[in-house]
Amino acid sequence: MTDFPTPHTVKQQLQACRSKEETFKALVTLSKALPRLSGEEKTEDNKIKGCESAVWLIVEEDAGRRYFRADSDAKLMRGVLVAVISLVTGKTQQAIQEKDLKTELAELNLSSYLTSSRSNGVLAILKQIQDNPLSR
């Protein structure tokens, strides 16, 4: 995933937004960096419970580092997934568990865009990432 945005790039793009519309456009642009999962990968086991939109997350490990692939039926949520994954991909599970992902996401100016039900979905995604055993 060499084209995947770095946390710094994601942060720059989202912090530059001055309105809800700009944030939406930035998230849609970011969503394009997220490769689609195949139909076979969109299983109930990979689906995140508690999200307003359908969201699937696959966790893989290589040399002790976690890598995440995800997809959603909503462009906005795909953009949020890029922001979240940029913070954790390539890190060890211990490093991921030690991160304060809620605070790091709050620094990205997403709070004005995330409705309470979407926020619950994002929290479910963060929990899955921090608690998740490897995908089957």
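Structure's up top.
All values reported here derive from a predicted model rather than from experimental measurement.

Observations regarding the side chain of Asn46
Inspection of the secondary structure assignment puts Asn46 in the loop between α2 (20-31) and β1 (55-62). Of the polar contacts made by the side chain of Asn46, one reaches the backbone oxygen of Glu41; its length is 2.8 Å.

A look at unusual backbone geometry
A negative phi angle is the norm for most residues apart from glycine, just as the trans form is the norm for most peptide bonds. For Ala63, which is not glycine, the phi dihedral falls at a positive 55°. Note on placement: Ala63 falls in the loop between β1 and β2 (65-72). Here Ala63 falls in the exposed class, since its relative accessible area comes to 76%.

Side note on the pattern of salt bridges
Tallied over the full model, the rule gives nine salt bridges. Its salt-bridge partner being Arg36, residue Asp71 comes within 3.1 Å of it at the nearest N-O pair. With a gap of 35 residues between them, Asp71 in strand β2 and Arg36 in the loop between α2 and β1 connect regions that are remote in the sequence. Between Asp131 and Lys127 there is a salt bridge, with the nearest N and O atoms lying 2.6 Å from each other. One end of the pair, Asp131, and the other, Lys127, are both in helix α6 (residues 116-131), four residues apart, so they sit about a helical turn from each other. One continuous salt-bridge network, built from bridges that share partners, spans Arg36, Lys42, Asp71 and Arg78.

Regarding the environment of Leu34
If you trace the backbone, Leu34 turns up in the loop between α2 and β1. Leu34 sits in the buried class, given a relative accessible area of 4%. If sequence neighbours within four positions are ignored, Leu34 has contacts with Phe4, Ala70, Asp71, Arg78, Leu81, Val82 and Ile85.

Here we look at the packing of helix α1 (residues 7-15) against α2
Close contact between α1 and α2 brings their axes to 9 Å; oriented N to C, the two are set at 155°. What the angle tells us is that α1 and α2 run roughly antiparallel. Residues Val10, Gln13 and Leu14 of α1 lie in contact with α2, whose contacting residues are Ala26, Leu27 and Leu30. Along the lines of polarity and charge, the residues of the contact of α1 with α2 split into five nonpolar, one polar and no charged.

Looking at the nonpolar core
Core analysis: the biggest nonpolar cluster contains 36 residues, and Leu14, Phe68, Leu105, Ile125 and Ile129 have the highest contact counts within it. If we skip the residues at most four places from it in the chain, Ile129 touches Leu57, Phe68, Val84, Val88, Gln93, Ile96 and Leu101.

Some details on the packing of α2 against helix α3 (residues 75-88)
Axes are the key here: two packed helices are described by the angle between their axes and the distance separating the axes. Put simply, α2 and α3 touch, their axes get as near as 7 Å, and they point 75° apart. Taken together, the axes of α2 and α3 are roughly perpendicular relative to one another. Touching Phe24, Leu27, Val28, Leu30 and Ser31 of α2 are Lys75, Leu76, Arg78, Gly79, Val80 and Val82, all from α3.

Some words on the environment of Thr23
If you trace the backbone, Thr23 turns up in helix α2. In the structure, Thr23 is positioned 86 residues away from Asn109 in sequence and 8.1 Å away in space, judged by C-alpha atoms.

Cut-off values and rules
- Residues numbered from 1 in each chain as written.
- Predicted model: local features only at pLDDT ≥ 70, side-chain atom pairs only at ≥ 80, totals over all residues.
- Heavy atoms only, no water.
- Helix = DSSP H or I, 4+ residues; strand = E, 2+ residues; numbered from the N terminus.
- Polar contact = N/O pair within 3.5 Å; in protein donor to acceptor, adjacent residues only side chain to side chain.
- Buried < 20%, exposed > 50% of the residue type's maximum accessible area, 1.4 Å probe, protein only.
- Salt bridge = Lys/Arg side-chain N within 4 Å of Asp/Glu carboxyl O.
- Contact = heavy atoms within 4.5 Å.
- Axes fitted to C-alpha atoms, helices over the stretch in contact; angles between N-to-C directions.
- Parallel < 35°, antiparallel > 145°, perpendicular 65-115°, else oblique.
- Nonpolar A, V, L, I, M, F, W, Y, C, P; charged D, E, K, R; others polar.
- Core = buried A, V, L, I, M, F, W, Y, C linked by side-chain atoms within 4.5 Å.

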